[in-house]
Amino acid sequence: MSVDARGKLVVYVGPMFAGKTTALFRDAAAAPRACIVRPARDTRGPRVAPPPGAEVRVCDSLAAFAADAPPGAVFVDEGFLFDDLVAGADALVARGVDVTVATIQYDFQKRWFENVRELAARPAARVVVVAGACATPGCGAPSVYTRRTAPAAGRVAVGDFYAPACARCWRAPPE
Ligand SMILES: [Zn+2]
């Protein structure tokens, strides 16, 4: 297979509430045959409506999806929730499929998600940083991090206790 036959890889990274899914769905709306892939682990579903006409798949494994992907471009939402994010994206790109991923890159303690770091480090990846606004009253600086505003167990906890924060306003979660 020639190098030219590989698909493109775009990765939107940013904190929660920065507009990553909006950017992803905007790209999906412009693609002739778009398939949106969402992780089954995200039980809340997208806060933004997918574009009409786009196929939406919910699955546990991106690599399993990649092995049987429909023709057309693939748009992965909440990429960090796929344990096999890199293997799945690699497989799709190797088959000539254009892949766009939207994902947070840092957890609530400002640590990279390893799968996202590995994906963003792929030589062919075009990484686009999406910044929202810091939620601290009176601040509004570009948000880089996601802050947990209430105690919760685990690195990934689903709930309404997150806020985007700039580097100055980020705090560790309350005990
Ligand atoms: Zn701030």
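One can find the structure itself at the top, above this paragraph.
Residues numbered from 1 in each chain as written. Predicted model: local features only at pLDDT ≥ 70, side-chain atom pairs only at ≥ 80, totals over all residues.

(A) Quick peek at helix α1 (residues 20-30). Among the residues of α1, those classed as buried are Lys 20, Thr 21, Leu 24, Phe 25 and Ala 28. With its buried residues spanning 125° around the axis, α1 presents them on a single face. In α1, the exposed residues that point more than 90 degrees away from the buried face are Arg 26 and Ala 30. Packed against the buried residues of α1 are β1 (9-13), β2 (34-39), β4 (73-76) and β5 (99-103). (Buried ≥ 20, exposed ≤ 12 C-beta atoms within 10 Å, placed from the backbone. Helix = DSSP H or I, 4+ residues; strand = E, 2+ residues; numbered from the N terminus. Arc of directions from axis to C-beta. Contact = placed C-beta atoms within 7 Å.)

(B) Molecular detail of the environment of Ala 121. Mapped onto the secondary structure, Ala 121 falls in the loop between α4 (114-120) and β6 (125-129). A residue is classified by how many C-beta atoms lie within 10 Å of it, and Ala 121, with 10 of them, is exposed. For the pair Ala 121 and Pro 174, spaced 53 residues apart in the sequence, the C-alpha separation amounts to 33 Å.

(C) How the structure looks around the sheet that holds β1. Reading across the sheet, the six strands line up as β3-β2-β4-β5-β1-β6 and stay open at both edges, with parallel pairing between neighbours. The sheet terminates laterally at β3 (55-59) and β6, the two strands that pair on one side only. On average, each strand axis in the sheet is tilted by 20° relative to the strand beside it, whichever way the strands run. In this sheet, β5 lies alongside β4 in parallel orientation, the contact comprising three bridges. (Pairing = 2+ DSSP bridges. Axes fitted to C-alpha atoms, helices over the stretch in contact; angles between N-to-C directions.)

(D) Quick look at the pairing of β5. The buried fraction of β5 amounts to five of the five residues, a majority that puts the element mostly inside the structure. Side chains Val 99, Val 101 and Thr 103 of β5 all project onto a buried face; the interleaved residues Thr 100 and Ala 102 project onto the opposite face, where all are buried too. Assessed by its sense of winding, the connection that carries the chain from β4 through helix α3 (residues 85-94) to β5 is right-handed. (Right-handed = clockwise from strand over helix to strand, strands pointing away.)

(E) Here's a closer look at the nonpolar core. Among the nonpolar cores identified, the biggest contains 35 residues, and Val 74, Phe 75, Ala 89 and Val 99 are the most heavily contacted of them. Put simply, the parts of the chain that give this core at least two residues each are β1, α1, β2, α2 (62-67), β4, α3, β5 and α4. With five residues, α3 is the single largest residue contributor to this core. Once residues within four sequence positions are removed from consideration, Ala 89 is found in contact with Leu 9, Leu 62, Val 99, Val 101 and Leu 119. (Core = buried A, V, L, I, M, F, W, Y, C linked by C-beta atoms within 7 Å.)

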